[in-house]
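Each chain is listed here by its residues.
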Amino acid sequence: MKITIVALRVLDQDSALKFYTQTLGFTQTEDMDLGGMRWLTVAPPDQPELNILLERVGPPFVDGETAAQLDALVAKGAGGTLFFQVEDVRGMFDRLVDQGVEIIQEPIERFYGTDIAIRDDSGNQLRINETTPTNVPWPEDSMTARAQAAAE
Amino acid sequence: MTPEQIVHLRRAKDLVDRSYAQPLDVLALASHAHMSPAHFARQFKEAFGESPHQYVLTRRVERAMELLRNTDATVTDVCFEVGFQSLGSFSSAFRRVTDMTPTAYRATAIGYPPTVPGCWAAQWTRPVGRGAEMEKPPPPPRK
């Protein structure tokens, strides 16, 4: 079994498409009218088999009031989160700042690498990590730390 | 509340998350959200459940908790690192949020954090304000 599509609620599909393709360099992989629903997907540049569905939720899938509540949650920043991995997170951070992307967190070294956090154009949180080892130790009881200890 | 207003409020909240150590007051946050201070304060609390001032304090205390857990920095250094202007205001806010002094918290938090990414843990272990009553921090790990 494998994951092929992850759905991400967005507030405006055209704006989201522009953000993911032009700002993050994703590839548009589908765009079709399914009769009441626009099926719009993008894929990360280094992972073409994983599609992200840029989804607008509304009637008849959910009633209008529920759709408005979901939109409000996304706008508040309580919608979805995606985690990405890149080779040079600091370089990417500088590029994103130059592009005017909303920054939540500047680069910070964690035990799992160095990460940043940004918002997409809808308010979804995107965490971008570079896995180059840092000096921050893994928690001793993590599965990763135990596996590393067993391998040594 | 319109989606546009919510977006402005979220951007102000993100500013606190990003720049918690800067001198952020309601006036500055309201300006960032393109609202009057009184309107901003009401709308922020309605959207996120706590006042902007309380959110700033809670965010700073949350960062202080992480520094106390994971570094050897002195309490004084942590106080100024997270944006407080005096040890008195830091101790007062810390005690109000965690019901402990910074030194006592550090002693109980050895071995923390949990085994999830620190960025994520920070969001899930953030102390939550409920008016004057604040939740206690997560318990120390099992021995």
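Sequence order as written defines residue numbering, which begins from 1 separately in each chain. Each chain takes a letter, starting from A, and each ligand takes a number, starting from 1, following the order in which they are written. Local features in this predicted model are restricted to residues whose pLDDT is 70 or higher, and side-chain atom pairs enter the listing and the counts only when it is 80 or higher, whereas totals over whole chains, interfaces and linings include all residues. To obtain the side-chain values, all non-hydrogen atoms of the structure were included, while hydrogens and water were left out.

**Student:** Break down the overall build of chain A for me, citing the residues and quoting the values.
**Tutor:** Tallying secondary structure elements over chain A gives four helices and eight strands in all. Helix numbers and strand numbers start at the N terminus; a helix is a DSSP run of H or I with at least 4 residues, a strand a run of E with at least 2. Listed N to C, the secondary structure of chain A is β-α-β-β-β-α-β-α-β-β-β-α in terms of helices and strands. Principal-axis analysis of the C-alpha atoms places the extent of chain A at approximately 55 × 40 × 30 Å. The burial tally for chain A puts 41% of its 152 residues in the buried class. Each residue's exposure class comes from its accessible area (1.4 Å probe, protein chains only) as a fraction of the maximum for that residue type: buried when under 20%, exposed when over 50%, partly exposed otherwise.

**Student:** Got a sec to walk through the packing of aromatic side chains? Specific residues and values, please.
**Tutor:** Two rings from Phe, Tyr or Trp (for Trp, the six-membered ring) form a pair when their centres are within 6.5 Å of each other. A pair whose planes differ by under 30 degrees is stacked, one over 60 is edge-to-face, and the rest are tilted. Under the definition given, this model contains 11 aromatic pairs over all chains. Geometrically, the ring pair formed by Phe 26 of chain A and Phe 84 of chain A is edge-to-face, given 5.7 Å between the ring centres and 90 degrees between the ring planes. Taken together, the positions of Phe 26 of chain A in the loop between helix H1 (13-23) and strand E2 (27-33) and Phe 84 of chain A in strand E5 (residues 81-85) put the pair 58 residues apart, joining distant regions of the chain. Residues Phe 26 of chain A and Phe 84 of chain A agree in their burial class; the two are buried. Arranged with centres 5.7 Å apart and planes meeting at 65 degrees, the rings of Phe 94 of chain B and Tyr 105 of chain B form a pair that is edge-to-face. Placement of Phe 94 of chain B in helix H6 (residues 87-98) and of Tyr 105 of chain B in helix H7 (residues 102-108) is noted, with a sequence separation of 11 residues between them. Neither Phe 94 of chain B nor Tyr 105 of chain B differs from the other in exposure class; each is buried. One aromatic cluster in this structure is built from Phe 19, Tyr 20, Phe 26 and Phe 84 of chain A. In our convention, an over-ring charge means Lys NZ or Arg CZ found within 6 Å of a ring centre and within 35 degrees of that ring's normal. The ring of Phe 48 of chain B carries Lys 13 of chain B above its face, with NZ or CZ at 5.0 Å from the centroid. Residue placement shows Arg 60 of chain B over the ring face of Phe 84 of chain B; its charged tip is 5.9 Å from the ring centre.

**Student:** I'd like a description of helix H1 (residues 3-18) of chain B, backed by residues and values.
**Tutor:** The terminal C-alpha atoms of H1 of chain B, which comprises 16 residues, lie 22 Å apart, in line with the 22 Å expected from a rise of 1.5 Å per residue. Those residues of H1 of chain B that sit buried are Ile 6, Val 7, Leu 9, Arg 10, Ala 12, Lys 13, Asp 14, Leu 15, Val 16 and Asp 17 of chain B. Looking at the buried positions of H1 of chain B, the neighbouring elements they touch are helix H2 (64-76), strand E6 (103-110) and strand E7 (113-119) of chain A together with helix H2 (26-32), helix H3 (37-48) and helix H4 (52-70) of chain B. Helix span is expected to be 1.5 Å times the residue number reduced by one. Note on contacts: a residue pair is in contact if any heavy atoms of the two residues lie within 4.5 Å.

**Student:** Quick rundown of the pairing of E7 of chain A? Include the residues and the values.
**Tutor:** Residue and element names in this part refer to chain A. Of all seven residues in E7, seven are buried, a share of seventy percent or more. A two-sided burial pattern is seen for E7, the buried positions comprising Gly 113, Asp 115, Ala 117 and Arg 119 on one face and Thr 114, Ile 116 and Ile 118 on the other. In this analysis, strands are considered paired if DSSP registers two or more bridges between them. Sheet topology places E6 next to E7; five bridges connect them, and they run antiparallel. Residue pairing for E7: Gln 105 is matched across the bridge by Ala 117. The turn linking E6 back onto E7 is made up of two residues. Bridge count between E7 and strand E8 (residues 125-130): six bridges; the pairing is antiparallel. Paired with Arg 119 across the two strands is Gln 125, which belongs to E8. Connecting E7 to the next strand, E8, in antiparallel fashion are five residues, including Gly 123 with a positive phi near 120 degrees.

**Student:** Mind laying out the sheet that holds strand E1 (residues 5-9) of chain A, listing which residues take part and the relevant values?
**Tutor:** As a general point, the strands of a sheet are linked pairwise by backbone hydrogen bonds and lie either parallel or antiparallel. Residues and elements named next belong to chain A. With respect to topology, four strands assemble into an open sheet ordered E1-E4-E3-E2, the strand pairing being mixed. The open sheet has two free edges, formed respectively by E1 and E2, since each of these has just one partner strand. Across the sheet, the axes of successive neighbouring strands diverge by a mean angle of 25 degrees, strand direction being ignored. Of the pairings in the sheet, the one linking strand E3 (residues 38-43) to strand E4 (residues 51-55) comprises two bridges and is antiparallel in character. Each residue of the ladder has a partner; that of Thr 41, found in E4, is Leu 53. Axis geometry follows a simple rule: fit a line to the C-alpha atoms, using only the stretch in contact for helices, then measure angles between N-to-C directions, giving values from 0 to 180 degrees. The sheet contacts of H1 involve E1, E2, E3 and E4, and relative to E3 the element is tilted by about 10 degrees.

Read these as layout, nothing more, since geometry by itself doesn't imply function.
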